[in-house]
Amino acid sequence: MTSQRSGTLQPPDDFSRRHIGPGSAEIGRMLDLLGYDSLDALGNAAIPESIRLRRPLQIDGPRSEYEVLRELRSLGARNRLFRSYLGLGYYDCLTPPVIQRNILESPGWYTAYTPYQPEIAQGRLEALLNFQTMVIDLTALPIANASLLDEATAAAEAMAMSHALRGGSGREVFFVSEGCYPQTIDVVRTRARARGIELVVGDHHTFEFRPQVFGALVQYPAQDGALHDYADFCARAHAAEALVTAAADLLALTLLRPPGEWGAGGADIAVGSTQRFGVPLGYGGPHAAYLAARDEFRRQLPGRIIGVSRDAAGRPGLRMALQTREQHIRRERATSNICTAQVLLAVVAGMYAVYHGPDGLARMARRVHELTATLAAGLRRLGYPITHARFFDTLRVEVGARRNALLAQAAERRMNLRLLDGGSVGISLDETTTPEDLSDLLAAFAAAAGVEVGPARLLPAQLLAGVETEYEAPFRRTTSYLTHPVFHRYRSETEMLRYLKRLESRDLSLTTSMIPLGSCTMKLNAAAEMLPITWPEFARLHPFAPVEQAEGYHVLFQQLEAWLAEITGFERVSLQPNAGSQGELTGLLVIRRYHQSRGAGRRDVCLIPQSAHGTNPASAVMAGLRVVVVRSDERGNIDLADLRARAAEHAGELAALMITYPSTHGIFEEGVREICDVVHAHGGQVYMDGANMNAMVGLCRPGDFGADVAHLNLHKTFCIPHGGGGPGMGPIGVAAHLAPFLPGHVAVATGGPESIGAVAAAPWGSPGILPISWAYIRLMGAEGLKRASQVAILNANYVARRLEGHYPVLYRGRNGTVAHECIIDPRPLKASAGVEAGDIARRLMDYGFHAPTVSFPVPGTLMIEPTESESQAELDRFCDALISIREEIRQIEEGRMDRENNPLKNAPHTAEAVTSGDWARPYSREQAAFPAPWTREHKFWPAVGLIEAAAGDRNLVCACPPVEGYVPID
């Protein structure tokens, strides 16, 4: 038998074949249906000739999974894990293995989408309700949202919220205590400057409220560990009708009087990070921030709120409440542009509280505080003054001229201490600190002081004796928290595991079926890409560790920035924006600063097409710009005549145009170069929303056809999972003339020489998830990336062709093609059958599918994006479901089915509804529950029936309800 030579030294298993759903035979069949002989021919038909990339991307690869994981191990090994005592809101912590394995590393949790369809998201919604309850209880404020991006941006959101409630009419001053974290002050300053708010940073003890002040921010405990009683400060603020925001540490609040109970009415808003509740450091993120407030401010809360409602059968059900605050509705009237939150991390933090319960958290907090008090006692014995008598987990230690010697001793023991002004250092302890760590710390201080100590003199156990660790009034907490049974019920790992799996089973994720949401790009998040995020060498690094200790991360940053610059055609990339919405804001702030640097600060008009994502106008307003809407024509393109008119009308004031490409209508607009030229001719810059970049990678580049800046949704095109509504990343790429204005950071030198300031708490946003995108690009290589874009276009056109005889396809581009998504139009069915897009969306649940995007960008329509990861078989299954639903609608049109009592109007059908009680419906139980053959092989049952939206909004309950008024779903 003779062996066959392969003729190549490439890996035998090409990862792109794993990532791209259709194989060669399937691609051939789909191309035949569409009438094209190759993917190149289809791409040329869809993409304007003038913008096509005519060379391969200059990116190496592809690499095998084994090679990429080995390379990431090598990069991780270049990160040095010192023991971190740096604090500043970031703490090492212990993620309970049952949570790490079954949430953080589980595709059933991390591949789910934002819970817009609550009937198939009850597990995630319950987990978020736990999170909100935890925040409400610990802050003693009655309403909380379901997470924000990080503590610094949460503080900036609180400032904007306070301004909306108390600002205007000359009230444009916001006070920030100098005790706040430096990175928080940095981000708040960036946001304040954009909105024309005057920021005053100073001593909260001596600050005098005047009529111009609308709000204030304080830190609890302060950044150097000091504990302050803010009751008098609150009284002075409220007397001046200003609002007080407290940035508070949740673990400390298990022992300390919470902001909602401070004297004089307490704080009005509380913000902070939940990172230390089981979420890895990840060199700065992603972490879930929180925001809680007084009940009367519910309509002004940014982000999402999970509320309790009921389904059609009267059973309790959860949903996102007060959804009229979403940006696609409020647009330029929105006070926040938050779209992606940090759901996956909020779930981890909430489950950490469920796992430990109030007693476990209190024990942990007491232990951390006792260790800190013990350390303070030992340092005093060594002759080091402790600046503040009251503290929780952080000490400010006066070391004077011994500081350099101390730092050398700490480095020798692989410990990081925080440098403070005035010859001081800061030491912050956490859940992972041990008595042995204290001994090492004391030994370092002793050596720096030249003190000879015996082996038993500074043992922590001996030092603790006689140390007072109890708080007295007004600092001691006296009220209970986490009283709901959910925080007491799951103490054994067996019960905890079953609870997590029970919740997971109520959520439809990519583990069940395709999620065909337009503009959301729910593609494969490969296991090989996900593995490194929990490796200690990436997960346990503090964001403010010395840069030389993060060499592996910085090599990864440099490579990823270079690849993204090559993919987009831009000169520079900033990784700091930690969500797509933040990328939008950052890009616009860069444009504003560019105009100001040229003496053109009067340029403040932003042109935005009618079809734009709702975050676009919200981001423009937050950047201090005035929004002028540009019409779309009947084909869904930007109306060029209207664009020229608006650009000419505002020629002296034009700052930017925001454009999504391919368009939100799912087409490659022919005139994109001309659009950019018109804006540039009138002195403006072109900002491109990169939400639809999945149709362009390797095929065309925004920097080549006229865009000056674009953000990239790494949680879409570059495979970071949606996580049920976050994490996300939204880095921006910019042309050379905008590079000097990229975001910087107070803690680490980054960005350009004329930086706009910080836009996220950590210098590189959420680095902990960047290995995912790095791995995706490395695995795919230039050809794989291009082929992914081509197959994304192929799959969308295939779906459009299969459905066009059953539902009108609303917009088409060149040669009758669509881009990576298509919009189908069921609006005529309202007149013929009383059926609307929402009815079709809910009926799809009975077939085992999540709905496409409903009523955006065109009200009453469905926008479908199949992505490149779905096979032809899955696309056919989805199309067959929609075609079957169209036949059900035809039965209504022909009078064979009642217009009100039919499978669509009663969808979704729960197992209980189908299997129990009388069946008084004019269709069979079988048609309700098993409308397609595959539902008999594997049935995803919605946990609840149709949720009543209005019921939950009329009686908003955003915490776990009292047991006597709550019937658990399980």
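These numbers were taken from a predicted model, which means no experiment stands behind them. (Residues numbered from 1 in each chain as written. Predicted model: local features only at pLDDT ≥ 70, side-chain atom pairs only at ≥ 80, totals over all residues. Heavy atoms only, no water.)

## Observations regarding the sheet that holds strand β22 (residues 822-824)
Then comes step 1: Reading across the sheet, the three strands line up as β22-β24-β23 and stay open at both edges, with antiparallel pairing between neighbours. Both outer strands of the open sheet, β22 and β23 (853-854), are each paired with one neighbouring strand and no more.
Then comes step 2: When β22 meets strand β24 (residues 862-864), the two strands line up antiparallel, connected through three bridges. Along β24, the bridge assignment pairs I824 with L862.
Then comes step 3: Strand contacts of helix α25 (residues 770-803): β22 and β24, with the helix running at about 20° to β22, the strand carrying the most contacts. (Pairing = 2+ DSSP bridges. Helix = DSSP H or I, 4+ residues; strand = E, 2+ residues; numbered from the N terminus. Contact = heavy atoms within 4.5 Å. Axes fitted to C-alpha atoms, helices over the stretch in contact; angles between N-to-C directions.)

## Topic: the sheet that holds strand β4 (residues 198-202)
Then comes step 1: On the basis of which strands lie adjacent, the open sheet formed by seven strands has the order β2-β8-β7-β6-β5-β3-β4 and mixed pairing. A single partner strand is all that each edge strand has here, and the edge strands are β2 (143-144) and β4.
Then comes step 2: Across five bridges, the pairing between strand β3 (residues 173-177) and β4 is parallel. Across the sheet, the residue bridging to V173 is E198, located in β4.

## Topic: the packing of aromatic side chains
Then comes step 1: What the rule picks out here adds up to 31 aromatic pairs.
Then comes step 2: Note on F930 and W941: the rings are 5.9 Å apart at their centroids and 80° apart in plane angle, and the pair reads as edge-to-face. Separated by 11 residues along the polypeptide, F930 in the loop between α30 (925-929) and α31 (934-937) and W941 in the loop between α31 and β25 (947-948) bring together distant segments of the chain.
Then comes step 3: Taking the relative accessible area as the measure of exposure, W941 reaches 27% and is therefore partly exposed.
Then comes step 4: Note that R73 overlies the ring of W535, its terminal NZ or CZ placed 3.6 Å from the centroid.
Then comes step 5: Between the NZ or CZ atom of K939 and the centre of the ring of W941, over which it lies, the distance is 4.9 Å. (Phe/Tyr/Trp six-rings, centres within 6.5 Å; stacked < 30°, edge-to-face > 60°. Buried < 20%, exposed > 50% of the residue type's maximum accessible area, 1.4 Å probe, protein only. Lys NZ or Arg CZ within 6 Å of the ring centre and 35° of its normal.)

## Re the nonpolar core
Then comes step 1: Formed by 262 residues in total, the largest nonpolar core has its most connected members in M134, M351, F668, I777 and I840.
Then comes step 2: Within the second largest apolar cluster, 28 residues are counted, among which are Y384, V397, L406 and A446. (Core = buried A, V, L, I, M, F, W, Y, C linked by side-chain atoms within 4.5 Å.)

## Structural notes on the pairing of strand β10 (residues 316-321)
Then comes step 1: For β10, the tally of buried residues reaches five of six residues, placing the bulk of the element in the interior.
Then comes step 2: Relative to β10, strand β9 (residues 305-311) runs antiparallel, the two sharing six bridges. What sits directly across from G307, in β10, is R319.
Then comes step 3: In this antiparallel pair of consecutive strands, β9 and β10, the connection spans four residues, and G314 shows a positive phi of 85°.

## What to know about the side chain of R191
Then comes step 1: Mapped onto the fold, R191 is located in helix α9 (residues 182-195).
Then comes step 2: According to the relative accessible area criterion, R191 is buried, its value standing at 7%.
Then comes step 3: Residues contacting R191, with those up to four places away along its chain left out, are T153, A156, E157, M159, Q582, L585 and M622.

## Considerations on the packing of helix α12 (residues 343-381) against helix α16 (residues 493-504)
Then comes step 1: Viewed as axis vectors pointing N to C, α12 and α16 meet at an angle of 150°, and their least axial separation amounts to 11 Å. Taken together, the axes of α12 and α16 lie roughly antiparallel to each other. The handedness of the crossing between α12 and α16 comes out as right-handed. Along the contact surface, α12 presents M351, V354 and Y355, while α16 presents M496, Y499, L500 and L503.
Then comes step 2: Taken together, the residues of the contact of α12 with α16 break down into seven nonpolar, no polar and no charged. (Parallel < 35°, antiparallel > 145°, perpendicular 65-115°, else oblique. Left-handed = near helix turned anticlockwise from the far one by under 90°. Nonpolar A, V, L, I, M, F, W, Y, C, P; charged D, E, K, R; others polar.)

## Notes on the confidence of the model for the chain
Then comes step 1: This prediction gives the chain a mean pLDDT of 93; 95% of its residues lie at or above 70.
Then comes step 2: Low pLDDT (under 50) marks residues 963-970, which in the prediction has 13 contacts with non-local residues, meaning those over four places away or in another chain. (pLDDT = per-residue confidence, 0-100.)

## A look at the pattern of salt bridges
Then comes step 1: In the structure shown here, the tally under the stated rule is 53 salt bridges.
Then comes step 2: Here R802 and D876 are joined by a salt bridge, their closest N and O atoms 3.0 Å apart. On the criterion of sequence distance, the pair formed by R802 in helix α25 and D876 in helix α28 (residues 872-893) is long-range, its members being 74 residues apart.
Then comes step 3: Note on R802: relative accessible area 22%, which makes it partly exposed.
Then comes step 4: Across the salt bridge formed by D880 and R802, the nearest N and O atoms sit 2.9 Å from each other. Here R802 lies in helix α25 and D880 lies in helix α28, a separation of 78 residues in the sequence.
Then comes step 5: Connected through shared salt-bridge partners, R55, E566, R701 and D704 make up one network. (Salt bridge = Lys/Arg side-chain N within 4 Å of Asp/Glu carboxyl O.)

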